[in-house]
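Coordinate analysis (summary)
The primary structure of each chain is shown beneath.
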Amino acid sequence: MWRHIGIVTAAWVVLTTVLEMVVANVNIYPVAASEEANLIDEAFQTLMYLAIPVFTLVVVIIVYSLLRFRGRGPADEGSPFRRNTGVAIAWLTITAGLSIFVIFNPGLTGLKELASHPAAQLEIQVEAEQWHWNVSYPQYGVYIEEAEEMFLPAGQAVRVELTSTDVIHSFWVPAFRLKQDAVPGQVNNLYFTPNRIGNFDEDFMYRVQCAELCGTGHARMRMRLAVVEPENFEEWIAQIKAEQ
Ligand SMILES: [Cu+2]
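Since the structure is predicted, the reported quantities are computational estimates derived from the model, not experimental observations.

**Remarks on the pairing of strand 11 (residues 222–228)**
Burial analysis of strand 11 places five of its seven residues in the buried class, which makes it a mostly covered element. Pairing analysis gives two bridges linking strand 9 (residues 198–199) to strand 11, with the strands arranged antiparallel. Residue G198 lies in a different strand from strand 11, and its bridge partner there is V227. Relative to strand 11, strand 10 (residues 207–210) runs antiparallel, the two being bridged by three bridges. Following the sheet pairing, Q209 is matched in strand 11 by R222.

Pasting the structure below:
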């Protein structure tokens, strides 16, 4: 018995160490272009660190049991199962404890951080409609119907007022790690601060993508996104105004 436990423990420690090192050193995330994205990625990283030892323990025990305790021939039924109340209680206590821990951290603490957004410097109204986005920048008197791209100044706190004219859509920016439903007859706010210059042509994570199935044009319902220096943003706005 102790030999089995020794082998399983050794394999578990090795596999856990390897995977934890991979997660700590390999960047598995797409580009993070907003302050909120860093919060989300940190939360994801914490969950990975906590989940790996549980995952590897389950995998190691299953694989070891399959190899070591399998039947040796067609008539052999293999080793019998025996109940072990102590193991069951320990397993439930540890996994329940981990689950409760992540509800508070990064769960509730992360939500609180996301909710403590700065006062918006830039207001944008976005109207979702099958199958495009209408965007207006009320501070600049700019309205773009069926917008194909959206410019944002880096470093400025943005508030998006989001609504829909027909069905439920969802405003999703992968590079910001944020998603908010656009619901007819209702205005939902979304807050973010872009902090990394970039655009769709360089990295397709810079896009606004509809993330709620809304009809046949759903997959094509997207806008290119560009996060630019504030002076370039002003130039873009001036250019749009000149064309209108
Ligand atoms: Cu959609």
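**Looking at a nonpolar patch on the surface**
A cluster of nonpolar side chains, namely L15, F55, V58, V59, I62, V63, L66, L67, W91 and L92, defines an oily patch on the protein surface of about 910 Å² accessible area. Elements with a minimum of two residues in the nonpolar patch: helix 2 (35–68) and helix 3 (85–115). The element that contributes the greatest number of residues to the nonpolar patch is helix 2, accounting for seven residues. Relative to the elements of secondary structure, V63 occurs in helix 2. Judged by relative accessible area, V63 falls into the partly exposed class, the value being 42%.

**Things to note about the packing of helix 1 (residues 2–25) against helix 2**
Viewed as axis vectors pointing N to C, helix 1 and helix 2 meet at an angle of 145 degrees, and their least axial separation amounts to 9 Å. Between helix 1 and helix 2 the crossing geometry is right-handed. For the pair helix 1 and helix 2, the contacting residues are H4, I7, V8, A11, W12, L15, T16, L19, E20, V23 and A24 in the first and Q45, M48, Y49, I52, P53, F55, T56, L57, V60, I61, Y64 and R68 in the second. Among the residues forming the contact of helix 1 with helix 2, the class breakdown is 17 nonpolar, four polar and two charged.

**Description of a negative patch on the surface**
A surface patch of negative charge is lined by E229, E231, E234 and E235. Tracing the sequence through the fold places E235 in helix 4 (residues 230–243). Residue E235 is classed as exposed on the basis of its relative accessible area, which comes to 51%.

**Comments concerning the coordination of the copper ion**
Only C210 (SG), E212 (O), C214 (SG) and H218 (ND1) from the protein reach the copper ion as donors, at distances of 2.0 to 2.5 Å. Bound by four donor atoms, the copper ion shows angles of 90 to 125 degrees at the metal and therefore tetrahedral coordination geometry. Counting the intervening residues between successive donors of the copper ion yields the motif C-x1-E-x1-C-x3-H.

**Examining the domain arrangement of the chain**
Looking at the assigned domains, one finds that the chain contains domain 1 (2–70 + 84–115) and domain 2 (122–243). Domain 1 and domain 2 are separated by 36 Å when their C-alpha centres are compared. Taken together, the contact pairs twelve residues of domain 1 with 13 residues of domain 2. The largest contributions to the domain 1 side of the interface with domain 2 come from V31, A33 and E36, which together make up 49% of the buried area. Counting across the interface, domain 1 meets domain 2 through one salt bridge. As a salt-bridge pair, R177 and D41 come within 2.8 Å of each other at their nearest N and O atoms. Here domain 1 is connected to domain 2 by ten residue pairs in polar contact (both at pLDDT 80 or more). Across the side of domain 1 that touches domain 2, the residue classes tally to seven nonpolar, two polar and three charged.

**Examining the sheet that holds strand 8 (residues 188–192)**
Read across the open sheet, the five strands follow the order 3-2-1-5-8; overall the sheet is mixed. Either end of the sheet is taken by a strand with one partner, and the two such strands are strand 3 (142–147) and strand 8. Across the sheet, the axes of successive neighbouring strands diverge by a mean angle of 20 degrees, strand direction being ignored. Bridge count for strand 2 (residues 132–137) against strand 3 is four bridges, and the pairing is antiparallel. Following the sheet pairing, V135 is matched in strand 3 by I144. This element, helix 4, spans strand 1 (122–129), strand 2 and strand 3 of the sheet and lies at about 80 degrees to strand 3.

Analysis parameters
- Residues numbered from 1 in each chain as written.
- Predicted model: local features only at pLDDT ≥ 70, side-chain atom pairs only at ≥ 80, totals over all residues.
- Heavy atoms only, no water.
- Buried < 20%, exposed > 50% of the residue type's maximum accessible area, 1.4 Å probe, protein only.
- Helix = DSSP H or I, 4+ residues; strand = E, 2+ residues; numbered from the N terminus.
- Pairing = 2+ DSSP bridges.
- Patch = residues over 30% accessible without salt bridge, like charges linked within 9 Å, V, L, I, M, F, W, Y side chains within 5 Å.
- Areas by Shrake-Rupley, 256 points an atom, 1.4 Å probe, with all protein chains shown as cover.
- Salt bridge = Lys/Arg side-chain N within 4 Å of Asp/Glu carboxyl O.
- Axes fitted to C-alpha atoms, helices over the stretch in contact; angles between N-to-C directions.
- Left-handed = near helix turned anticlockwise from the far one by under 90°.
- Contact = heavy atoms within 4.5 Å.
- Nonpolar A, V, L, I, M, F, W, Y, C, P; charged D, E, K, R; others polar.
- Lys, Arg positive; Asp, Glu negative; His and termini not counted.
- Charge placed at Lys NZ, Arg CZ, Asp CG, Glu CD.
- Donors = N, O, S within 2.8 Å, 3.2 Å for Na, K, Ca; no water.
- Tetrahedral: all angles 85-135°; square planar, octahedral: opposite > 155°, others 65-115°.
- Domains from an automatic or database assignment.
- Buried area = accessible area lost by both parts, 1.4 Å probe.
- Polar contact = N/O pair within 3.5 Å; in protein donor to acceptor, adjacent residues only side chain to side chain.

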